[in-house]
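# Survey of secondary and tertiary structure
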Amino acid sequence: MFIRATLIALLLHGAPLVVAEPLVSSDASEAQAVVDEKCALATRQRAEQTRTMREPYKCTSVTVPVDLVFLVDGSGSVPLDGFQKSQEYVKDVVSELQVGTAPTDTRAAVVQFSTSQSIAISLKDGTDKAEINQAVDQMSRLGASTHTGDGIFKVRTEVFTDAREDAQKMIVVLTDGDPNGGRNTASEAEKARDEGINVVAIGVGQINEETLDDLAGGSQNVFKVDNFSELVTMVRAASTAVCTETGGYISTPQPTPQPTPQPTPQ
């Protein structure tokens, strides 16, 4: 009551009434930015931990070098979250391979295709898993049409020019749609196989089986999932196909031994 009476008295006697405005501190905005960054970092760390938990499977006893190219569909038919799952898929397969600079190590390049093509990382640079992962993370979906044949042509004529003479060459094509322009896909895939390049086709969704067979030269190197979320189930299939080319094998994880219980002191 006292506060109300005082306000009325001030108004009646003409005293100016000052209304305090809420204070917006720049410190608060900066603090929120820090919180947002920490949340984003935590999300990336959880994703990395999840990927690490799937890493006990490794390609071992490698005797033959492999130069591997991931040819990733970035056309407009691929949803943004599907493209992100494609990126995770590439990184998961790489995690199981013996990537490095030794004479028999695998090197991995990554190329995105749509109406145009973009080399994310070359064979010369694809000798370190962390660098490959970084290049994959920096990819942005190109959009536009599905010119799969042009993607294969790019790999044949610009990427495999850096291939080692004694290396087995392999393309893993990851796509969700039938080609709708550019060079003839079946013809380009056949040229690749004639040049000694083994082609593995990973199809997602409603893609025509004939398209996948044309890519891989038969069903033996064709794998298919219903949606991008199921790509994780195809990691082992692709890594095994690559590892077979190296003359090695995918080792199974050994169970972690349980600690021996210590006797309780009497």
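First things first, this report covers the structure right here in the doc.

Calculation criteria
For every chain, the first residue of the written sequence is number 1, and numbering continues from 1 onward in sequence order. A pLDDT threshold of at least 70 governs which residues receive local features in this predicted model, and a stricter bar of 80 or more applies before side-chain atom pairs are shown or counted, although totals over entire chains, interfaces and linings include all residues. Each side-chain value is worked out from all heavy atoms of the structure, with water and hydrogens disregarded. Counted as salt bridges are all cases of a side-chain nitrogen of Lys or Arg within 4 Å of a carboxyl oxygen of Asp or Glu. Helix and strand labels come from DSSP, where a helix needs a run of H or I of at least four residues and a strand needs a run of E of at least two; each type is numbered from the N terminus. Each residue gets one of three labels from its accessible area relative to the maximum for its type: buried under 20%, exposed over 50%, partly exposed in between, using a 1.4 Å probe on protein chains only. Two strands pair under a simple rule: DSSP has to find at least two bridges between them. Angular values range over 0 to 180 degrees, each being the angle between N-to-C directions of two axes fitted as lines to C-alpha atoms, with helices fitted over their stretch in contact. Directions are taken from the helix axis to each C-beta atom, and the arc is the one they span. Here a polar contact is taken to be a pair of N or O atoms separated by no more than 3.5 Å, where protein atoms must pair a possible hydrogen donor with a possible acceptor and residues adjacent in sequence count only if both atoms sit in side chains. Here the angle decides the label: under 35 degrees means roughly parallel, over 145 means roughly antiparallel, 65 to 115 means roughly perpendicular, and every other value means oblique. We call two residues in contact when some of their heavy atoms are within 4.5 Å. Residues are grouped as follows: Ala, Val, Leu, Ile, Met, Phe, Trp, Tyr, Cys and Pro are nonpolar; Asp, Glu, Lys and Arg are charged; all remaining types, including Gly, are polar. We define the nonpolar core as a collection of buried residues of types Ala, Val, Leu, Ile, Met, Phe, Trp, Tyr and Cys that are connected through side-chain atoms lying within 4.5 Å of one another.

A few words on the pattern of salt bridges. Using the criterion set out here, one finds 11 salt bridges in the structure. One salt bridge in this structure joins D67 and R164, with 2.8 Å as the shortest N-O distance. Placement of the pair is D67 in strand β2 (residues 66–73) and R164 in the loop between α5 (148–159) and β5 (168–175), with a sequence separation of 97 residues. Each of the two residues, D67 as well as R164, counts as buried. Several salt bridges share partner residues, and in doing so they unite R156, E188, K191 and E195 into one network.

A few words on the pairing of β5. Of all 8 residues making up β5, 6 are buried, and the element is well covered by its neighbours. The pairing of β2 with β5 spans 7 bridges and is classified as parallel. When the sheet's bridge partners are listed, F70 is paired in β5 with V172. Bridge analysis of β5 against strand β6 (residues 197–204) gives 7 bridges, and the strand direction is parallel.

Before going further, it helps to examine the sheet that holds β2. Strands pair in a sheet through their backbones, by hydrogen bonds, and they do so in one of two ways: parallel or antiparallel. Reading across the sheet, the 6 strands line up as β4-β3-β2-β5-β6-β7 and stay open at both edges, with mixed pairing between neighbours. Pairing within the sheet leaves two strands with one partner each, and these edge strands are β4 (117–121) and β7 (222–225). Averaged over all pairs of adjacent strands, the angle between their axes in this sheet comes to 20°, without regard to strand direction.

Let us now look at helix α7 (residues 209–216). Listing the buried residues of α7 in full gives T211, L212, L215 and A216. Down the axis of α7, the smallest arc covering the buried residues is 120°, so these residues share one side. Two to three positions downstream of the cap, the backbone nitrogen of E210 sits 2.8 Å from a side-chain oxygen, assigning the N-cap of α7 to N208. Where α7 ends, the next residue or the one after it, G217, has phi of about 75°, a positive value.

Turning to the packing of helix α6 (residues 185–194) against α7, a few remarks are in order. Axis separation between α6 and α7 bottoms out at 7 Å; the angle between their running directions is 30°. Here α7 runs roughly parallel to α6, going by the angle between their axes. Counting all contacts with α6, which are made through T185, A186, A189 and R193, the residues of α7 involved are D214, L215 and A216. In terms of residue class, the contact of α6 with α7 is built from 4 nonpolar, 1 polar and 2 charged.

So, about the pairing of strand β3 (residues 107–113). Among the 7 residues in β3, 7 count as buried, and that is most of the element. Burial along β3 is two-sided: R107, A109, V111 and F113 and A108, V110 and Q112, pointing in opposite directions, are all buried. The pairing of β2 with β3 spans 7 bridges and is parallel. In the strand pairing of β3, D67 is matched with R107.

For the rest of this paragraph, the subject is the nonpolar core. Nonpolar side chains in soluble globular proteins tend to be buried together. Counting residues in hydrophobic clusters, the biggest one holds 33 residues, and the most contacted among them are L68, F70, Y89, V110, I132 and L231. Setting aside chain neighbours within four positions, we find V110 in contact with F70, V72, V90, S118, I119, A120, I121, I132, V136 and M139. Ranked by size, the runner-up nonpolar core spans 22 residues in total, among them F113, L123, V173 and L215.

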